[in-house]
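Coordinates in review
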Amino acid sequence: MTPAAPATSSRALPHPTREEIRLEGVLHALSDPMRLRIVRELAAGSGDELSCSHFDLPVTKSTTTHHFRVLRESGVIRQVYRGTAKMNGLRRDDLDALFPGLLGALLAAADRQSTRLGVAG
């Protein structure tokens with residue numbers, strides 16, 4: 001008798017595997033200031049997941065949802081439900097394995113730009 005496959009939650013969100021992550025998708029996802037802001041906040045944390053409600057973005061809820069979806073579908077973040085909260089984590093290990101130094105360089109450049117322009121986030 002074959003063991004049953006684990007049940008999948010109807011709340012499970014699709015993510016690309018490491019092998020499916022494409023450079024152009026990552027660069028597109030990070031080209032938007034709101035999405036870059038989300039990634040910078042995730043990177044500034046101690047590797048902990050943050051809920052969607054943690055982010056105070058100056059856009060509508062539907063636009064915020066769109067930004068998280070673009071980041072997830074490009075492979076930049078992983079989203080999982082924990083109870084009723086959708087938690088977000090940066091896929092740093094996958095990105096660093098595929099594109100060594102890219103994420104660090106982009107985050108450092110975003111920090112320099114933020115300092116140069118005198119803007120937060």
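Anyway, here's the lowdown on the structure attached to this text. Note that the structure is a prediction, hence the values are computed from the model and not measured. (Residues numbered from 1 in each chain as written. Predicted model: local features only at pLDDT ≥ 70, side-chain atom pairs only at ≥ 80, totals over all residues. Heavy atoms only, no water.)

1. Digging into the packing of aromatic side chains
Applicable threshold: Only the six-membered ring of Trp is used, alongside the rings of Phe and Tyr, when aromatic pairs are assigned; centres must lie within 6.5 Å, and planes under 30 degrees apart are stacked while those over 60 apart are edge-to-face, with the rest tilted. Under the DSSP-based scheme used, a helix requires at least four consecutive residues in state H or I and a strand at least two consecutive residues in state E, with every element numbered from the N terminus. Burial here depends on accessible area, computed with a 1.4 Å probe over protein chains only, as a share of the maximum for the residue type. Under 20% is buried, over 50% is exposed, and the range in between is partly exposed.
Taken as a whole and assessed by the stated rule, the structure comprises 1 aromatic pair. Here the aromatic rings of phenylalanine 55 and phenylalanine 68 are separated by 5.4 Å at their centres, their planes lie at 65°, and the arrangement is edge-to-face. Here phenylalanine 68 lies in helix α3 (residues 61-74) and phenylalanine 55 lies in the loop between β1 (50-51) and α3, a separation of 13 residues in the sequence. Take phenylalanine 55: its relative accessible area is 7%, and that puts it in the buried class. You can call phenylalanine 68 buried: its relative accessible area is 3%.

2. Brief notes about the side chain of threonine 64
To be explicit about the condition: Here a residue-residue contact requires only that any non-hydrogen atoms of the pair lie within 4.5 Å.
Following the sequence through the fold, threonine 64 ends up in helix α3. Once residues within four sequence positions are removed from consideration, threonine 64 is found in contact with Leu57 and Val59.

3. Quick notes on the pairing of strand β3 (residues 85-90)
So the rule is basically this: A pair of strands counts as paired when DSSP detects no fewer than two bridges linking them.
Bridge count for β1 against β3 is 2 bridges, and the pairing is antiparallel. Bridged to serine 51 within β3 is methionine 87. Of the pairings in the sheet, the one linking strand β2 (residues 77-82) to β3 comprises 6 bridges and is antiparallel in character. Within the sheet, the bridge partner assigned to isoleucine 77 lies in β3 and is leucine 90. Between the end of β2 and the start of β3, which pair antiparallel, lie 2 residues, with glycine 83 showing a positive phi angle near 65°.

4. Observations concerning the environment of aspartate 111
The criterion, for reference: Side-chain atoms alone can form a polar contact between residues adjacent in sequence; in general such a contact is a pair of N or O atoms within 3.5 Å, and within protein one must be able to donate a hydrogen while the other accepts it.
By the secondary structure assignment, aspartate 111 is in helix α5 (residues 102-117). For aspartate 111, a relative accessible area of 40% translates into the label partly exposed. Taking the C-alpha atoms as reference points, aspartate 111 and arginine 40, 71 residues apart in sequence, are found 8.7 Å from one another. A polar contact is formed between the side chain of aspartate 111 and the side chain of arginine 40, at a distance of 2.5 Å.

5. Description of the packing of helix α2 (residues 33-44) against α5
Going by this rule: As a rule, the C-alpha atoms of each element are fitted with a line to give its axis, helices using only the stretch in contact, and angles between N-to-C directions run from 0 to 180 degrees. Orientation is classified from the angle alone, with under 35 degrees giving roughly parallel, over 145 giving roughly antiparallel, 65 to 115 giving roughly perpendicular, and any other angle giving oblique. Throughout this entry, Asp, Glu, Lys and Arg are counted as charged residues, while Ala, Val, Leu, Ile, Met, Phe, Trp, Tyr, Cys and Pro are counted as nonpolar. The remaining residues, Gly among them, count as polar.
Between α2 and α5, the least distance of the axes is 11 Å, while the angle of their chain directions is 110°. By the angle class used here, α2 and α5 are roughly perpendicular. In this structure, α2 uses Leu36, Val39, Arg40 and Ala43 to contact α5, whose residues at the interface are Leu103, Leu107, Ala110, Asp111 and Ser114. Class assignment of the residues belonging to the contact of α2 with α5 gives a composition of 6 nonpolar, 1 polar and 2 charged.

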